[in-house]
Amino acid sequence: MNRAATIALAPFGALYSAAISARSIGYEKRFLKTHEVAAPVISVGNITVGGTGKTPLVQWLAQQLADSGRTVCILTRGYRRENPKQQVVVSDGEQILSDLAHSGDEAMMLAESLLGRSAVVCDADRLAAATWAIEHLHTDVLLLDDGFQHRRLARDLDIVTIDASNPFGNEHLLPAGILREPIKNLDRADCIVLTRGSESETDLIERIGQVTNAPIFQSRTTIENFHALHSRNEVHDAAAIDEPVAAFCGIGNPRAFFSQLRGVAMEVRHEAAFRDHHKYSQADIDHLTEQARSKGAQALITTAKDAVKLGSLRFEVPCYVANIEIEISDSAELLALVENTITTGLASKVSSAKRTE
């Protein structure tokens, strides 16, 4: 955003800042109530708009917790879905129970990738969703997706993801910048995970350390392999896709995806970035194919989040889906923090329940 636009939007930013401040004070003074539920809640969120690598971390945590024997449910709003105020059980952990229109792309992607490991429930009222999941799915750990600003549901661990390549934008609040709340509010975080950074982010770590004493973990997302759009069983490594490709996506940070493709030596002849959560039409795919062919590309590459919206469309060239995973430095330490939080939270909730009997 240029300087003129920032100045023009500054008055709106001031109003937004006042509203955020009033809300924070409301929770701090307990004019606004935070509600506990009978299972530990781990929130993964951010303080900026746009993609910060939050979803791969949610997916990783769900996998790790399920593999350790936990019954996990992800609670998400389900962005840009039909009937957004309606509660939708996208998956009970064993089968898909909804469709794309009623769940949204990220919720459906999480549900499909975590079958057998985690349930996924969409609800703008995350408190109601948490209560339902505990009662009906016997959930013993709740993962609150995009939950840092959703303070009505009490959480046992607040994890905040920060994109190290663009941590705070121009440091202005919306709409003049990308901040959803002031940087100083990171003092509410229990844990920080830096994404998309280099191995050393000393300056950023020092900056964050001035605001919070929360432990800071570094991570990066990598492309593990690719699968054919219409066949998850047809898996390829990057070397197997040796023809030139055209890459497209509708995610929060498309540049990061395109950079990852080049990082695994893909020959990307064309890039197409759509609006985040874009709903693809056949005309979109036909136009992409035409552009790809005009630049010598022989295949299309996209993300898993985009892939869930493409199943009914026709492709005249092969289309592959990049399977992205997150690698976390000191992952054992992060998991120990999560497990300790869960154990402590369960003990506290059992003790509280006994006192109220």
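Preceding this section is the structure that the text describes.
Just so it is clear, the structure is predicted and the values come from calculations on it, not from any experiment.

## Brief notes about helix 1 (residues 3–28)
- By the largest-angle criterion, A10 marks the main kink of helix 1, which is about 50°, and a proline, P11, follows within four residues.
- Where helix 1 is concerned, the buried positions are T6, G13, I20, S24, G26 and Y27.
- Within two residues after helix 1, R30 carries a phi angle of roughly 65°, on the positive side.

## Looking at helix 7 (residues 254–263)
- Those residues of helix 7 that fall on the buried side of the exposure criterion are P254, A256, F257, F258, Q260 and L261.
- Where helix 7 is buried, its residues contact strand 8 (216–228), strand 10 (245–249), strand 11 (268–273), strand 12 (299–303) and strand 13 (319–328).

## A closer look at the packing of aromatic side chains
- All told, the structure shown has three aromatic pairs when counted by the stated rule.
- With a centroid separation of 5.1 Å and 75° between ring planes, the pair formed by F274 and Y280 is classed as edge-to-face.
- Exposure remark for Y280: the relative accessible area of 9% places this residue in the buried category.
- Through a chain of ring-to-ring contacts, the aromatic side chains of F248, F274 and Y280 assemble into a single cluster.
- Of note, R188 hangs over the ring of F148, and the distance from its end group to the ring centre comes to 4.1 Å.

## Topic: the pattern of salt bridges
- Tallied over the entire structure, the rule returns 18 salt bridges.
- Salt-bridge contacts for D276 lead to K305; the nearest nitrogen and oxygen are separated by 2.6 Å. Taken as a pair, D276 in the loop between strand 11 and helix 8 (282–294) and K305 in helix 9 (residues 304–307) lie far apart in primary sequence, 29 residues in all.
- What emerges from the salt-bridge pattern is a single network uniting E106, D276 and K305.

## Remarks on the pairing of strand 12
- Along strand 12, five of the five residues are buried, which leaves the element largely enclosed by surrounding structure.
- Burial along strand 12 is two-sided: the residues A299, I301 and T303 and L300 and T302 are all buried.
- Relative to strand 12, strand 10 runs parallel, the two sharing three bridges. Within the sheet, the bridge partner assigned to A246 lies in strand 12 and is L300.

## Looking at the side chain of S118
- Its place among the elements puts S118 in strand 4 (residues 118–122).
- On the basis of relative accessibility, which here comes to 1%, the residue S118 falls in the buried class.
- Excluding residues within four positions of it along the chain, S118 makes contact with A62, V72, C73, I74, S91 and G93.

## Focus on the environment of R117
- Structurally, R117 is set in the loop between helix 4 (105–113) and strand 4.
- In this structure R117 comes out as partly exposed when scored by relative accessible area, which is 33%.
- Residues R117 and G93 lie 24 residues apart in sequence; the distance between their C-alpha atoms is 5.8 Å.
- Those residues within four positions of R117 in sequence are excluded, and the remaining contacts are Q63, A66, D67, V72 and G93.

## Focus on the environment of E171
- Turning to its location among the elements, E171 is positioned in the loop between strand 6 (157–163) and strand 7 (191–195).
- A residue is classified by how much of its surface remains accessible, and E171, at 41% relative accessible area, is partly exposed.
- Along the backbone, E171 and T48 are 123 residues apart, and their C-alpha atoms lie at a distance of 9.7 Å.
- Apart from the residues lying within four places of it in its own chain, the contact partners of E171 are L179, I183 and R207.
- Within polar-contact distance, the side chain of E171 engages the side chain of R207 at 2.9 Å.

## Brief notes about the nonpolar core
- Core analysis: the biggest nonpolar cluster contains 34 residues, and I42, L57, L143 and I159 have the highest contact counts within it.
- Sort the elements by how many residues they give to this core and helix 2 (residues 54–67) lands first, with seven residues.
- When neighbours within four sequence positions are excluded, I42 is seen to be in contact with L65, V141, L142, L143, L144, L157, I159, V338 and I342.

## Description of unusual backbone geometry
- Between L174 and the following residue, P175, the backbone shows a cis peptide bond with an omega angle of 0°.
- Examined against the element boundaries, P175 turns out to sit in the loop between strand 6 and strand 7.
- Unusually for a residue other than glycine, N83 sits at a positive phi of about 50°.
- For N83, the location among the structural elements is in the loop between strand 2 (72–76) and strand 3 (88–91).
- Despite not being glycine, E171 shows a phi value in the positive range, around 70°.

## Some points on the environment of R70
- By secondary structure assignment, the location of R70 is in the loop between helix 2 and strand 2.
- Counting along the chain gives 69 residues from R70 to T139, while the straight-line C-alpha distance between them is 8.1 Å.
- There is a polar contact of 2.9 Å between the side chain of R70 and the side chain of E339.

Conventions adopted
Per chain, residues are indexed from 1 in the order of the written sequence. The model is predicted, so local features are restricted to residues of pLDDT at least 70 and side-chain atom pairs to those at 80 or more, both for listing and for counting; the totals for chains, interfaces and linings are taken over all residues. Side-chain measures were taken over the full set of non-hydrogen atoms in the model, leaving aside hydrogen atoms and water. Bend at a given residue is defined as the angle between two axes, one fitted to the seven residues that end at that position and one fitted to the seven that begin there. Helical segments are the DSSP runs of H or I of at least four residues, strand segments are the runs of E of at least two, and each set is numbered from the N terminus. Note on classification: 1.4 Å probe, protein chains only; a residue is buried when its accessible area is under 20% of the maximum for its type, exposed when over 50%, partly exposed between these limits. When checking whether two residues touch, look at their non-hydrogen atoms; a contact exists if any pair is within 4.5 Å. Two rings from Phe, Tyr or Trp (for Trp, the six-membered ring) form a pair when their centres are within 6.5 Å of each other. A pair whose planes differ by under 30 degrees is stacked, one over 60 is edge-to-face, and the rest are tilted. Two limits define a charge over a ring: the Lys NZ or Arg CZ must be within 6 Å of the ring centre, and within 35 degrees of the ring normal. The working definition used for a salt bridge is a side-chain nitrogen of Lys or Arg within 4 Å of a carboxyl oxygen of Asp or Glu. Pairing between strands is defined by DSSP: at least two bridges between the two strands are required. Any N or O atom pair separated by 3.5 Å or less is treated as a polar contact, with the protein-specific requirement of one donor-capable and one acceptor-capable atom, and with residues adjacent in sequence counted only for side-chain atom pairs. Buried Ala, Val, Leu, Ile, Met, Phe, Trp, Tyr and Cys residues form a nonpolar core when they are joined through side-chain atoms within 4.5 Å.

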